[in-house]
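The lines below spell out each chain.
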Amino acid sequence: PGHLTAKSDVYSFGVVLLEILTGRRSMDKKRPSGEQNLVSWARPYLADKRKLYQLVDPRLELNYSLKGVQKISQLAYNCLTRDPKSRPNVDEVVKALTPLQDLNDLAILSYHSRLSQQGRRKKKDGTPQFTYTQSKSMRASPLNTGKQRQ
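Please read all numbers here as calculations on a predicted model, not as lab measurements.

K.L.:
Sorry, what's going on with the overall build of the protein here?
P.N.:
Helix and strand counts for the protein come out as 6 helices and 0 strands. Reading the protein from its N end, one meets helices and strands in the order α-α-α-α-α-α. Scored against the burial criterion, the 150 residues of the protein give a buried share of 33%. Taking the contacts inside the protein whose residues are at least 6 apart along the sequence as the reference set, 64% of them involve residues at least 24 apart.

Structure below.
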């Protein structure tokens, strides 16, 4: 205990993954007490597949890969495991990240298809369909897969 190892580097990388995913700092004294330590706050969300989308930086709106969020969350969870021996090694981290650059299952597309299905059902009562425009800052996000047409 107390010295830096490859496994402590992996833990630190897990923190960086969380910072990217959430858009938050690892320590933020300006947040409420239960949210100041990013890892402590995020751990329960990472452990529950139904809650992990609550971690995603709201500034991304829906411009992120659904599968990418799942895989990054799982990887962060594994990197942040309290027992260093249970953490992946650096090669395993790289192996987990590599295929993620090709994902293009954007949340906004899933949202659009749900809205258009609702729209088809609701058209009879005159409910307007929603449109969504993407902001420039979201296209430049590190979680953006780069697969969408601009």
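K.L.:
For this particular structure, what's the right way to read the side chain of Ser73?
P.N.:
Mapped onto the elements of the fold, Ser73 is located in helix H3 (residues 66–79). Within the structure, the side chain of Ser73 is placed 2.7 Å from the backbone oxygen of Val69, a separation counted as a polar contact. If we ignore the near neighbours within four places in the chain, the residues touching Ser73 are Leu21, Leu46 and Leu52.

K.L.:
Can you help me understand the confidence of the model for the protein in this one?
P.N.:
Detail in the predicted coordinates should be disregarded across regions flagged by low pLDDT. For the protein, per-residue confidence averages 81 on the pLDDT scale, and residues scoring 70 or more make up 77% of the total. Mean pLDDT values for the elements of the protein range from 42 in helix H6 (residues 136–139) up to 96 in helix H1 (residues 6–22). In this model, residues 125–142 is a region of pLDDT below 50 whose contacts with residues beyond four sequence positions or in other chains number 24 contacts. Low pLDDT (under 50) marks residues 145–150, which in the prediction has 13 contacts with non-local residues, meaning those over four places away or in another chain.

K.L.:
Whenever I open this one, the pattern of salt bridges confuses me. Can you help?
P.N.:
It is possible for side chains bearing opposite charge to pair when their charged atoms get close. Summed over all chains, the structure comprises 5 salt bridges. A salt bridge links Glu35 to Arg31, with the nearest nitrogen and oxygen atoms 3.7 Å apart. Exposure remark for Arg31: the relative accessible area of 28% places this residue in the partly exposed category. For Asp48, the salt bridge is made with Arg50, and the minimal N-O distance between the two is 3.4 Å. Assessed through its relative accessible area of 19%, Asp48 is described here as buried. When its relative accessible area of 73% is taken as the criterion, Arg50 is described as exposed.

K.L.:
I'm lost on H3 in this one. Help?
P.N.:
One full turn of an α-helix is made of 3.6 residues, so residues set three or four places apart face in the same direction. The first and last C-alpha atoms of H3 sit 20 Å apart over 14 residues, in line with the 20 Å expected at 1.5 Å per residue. By the burial criterion, the buried members of H3 are Gly68, Val69, Ile72, Ser73, Leu75, Ala76 and Cys79. The arc enclosing the buried residues of H3, seen along the axis, measures out at 165°, which places them on a common side. Here the buried face of H3 lies against H1, helix H2 (38–46) and helix H4 (90–97). Residue Ser65 occupies the N-cap position of H3, its side-chain oxygen lying 3.4 Å from the main-chain nitrogen of Lys67.

K.L.:
When you look at a nonpolar patch on the surface in this model, what are you seeing that I'm missing?
P.N.:
Judged by side-chain polarity, Phe13, Val16 and Ile20 come together as a nonpolar surface patch covering roughly 210 Å² of accessible area. Position of Val16 among the secondary structure elements: in helix H1. Among the residues examined, Val16 registers a relative accessible area of 34% and is labelled partly exposed.

K.L.:
Which parts of the structure should I look at to understand the packing of aromatic side chains?
P.N.:
Ring pairs (aromatic) are described by centroid distance and by the angle formed between their planes. For the coordinates displayed, the defined rule picks out 2 aromatic pairs. Measuring from ring centre to ring centre gives 5.2 Å for Trp41 and Tyr45, while their planes differ by 45°; the resulting arrangement is tilted. Placement of both Trp41 and Tyr45 in helix H2 is noted, with a separation of 4 residues, approximately one turn of the helix. Residues Tyr53 and Tyr64 carry aromatic rings whose centres are separated by 6.5 Å and whose planes lie at 25° to one another, so their mutual orientation is stacked. Of the two residues, Tyr53 sits in the loop between H2 and H3 while Tyr64 sits in the loop between H2 and H3, which places them 11 residues apart along the sequence. Take Tyr64: its relative accessible area is 6%, and that puts it in the buried class.

Cut-off values and rules
Residues numbered from 1 in each chain as written. Predicted model: local features only at pLDDT ≥ 70, side-chain atom pairs only at ≥ 80, totals over all residues. Heavy atoms only, no water. Helix = DSSP H or I, 4+ residues; strand = E, 2+ residues; numbered from the N terminus. Buried < 20%, exposed > 50% of the residue type's maximum accessible area, 1.4 Å probe, protein only. Contact = heavy atoms within 4.5 Å. Polar contact = N/O pair within 3.5 Å; in protein donor to acceptor, adjacent residues only side chain to side chain. pLDDT = per-residue confidence, 0-100. Salt bridge = Lys/Arg side-chain N within 4 Å of Asp/Glu carboxyl O. Expected span 1.5 Å × (residues − 1). Arc of directions from axis to C-beta. Patch = residues over 30% accessible without salt bridge, like charges linked within 9 Å, V, L, I, M, F, W, Y side chains within 5 Å. Areas by Shrake-Rupley, 256 points an atom, 1.4 Å probe, with all protein chains shown as cover. Phe/Tyr/Trp six-rings, centres within 6.5 Å; stacked < 30°, edge-to-face > 60°.

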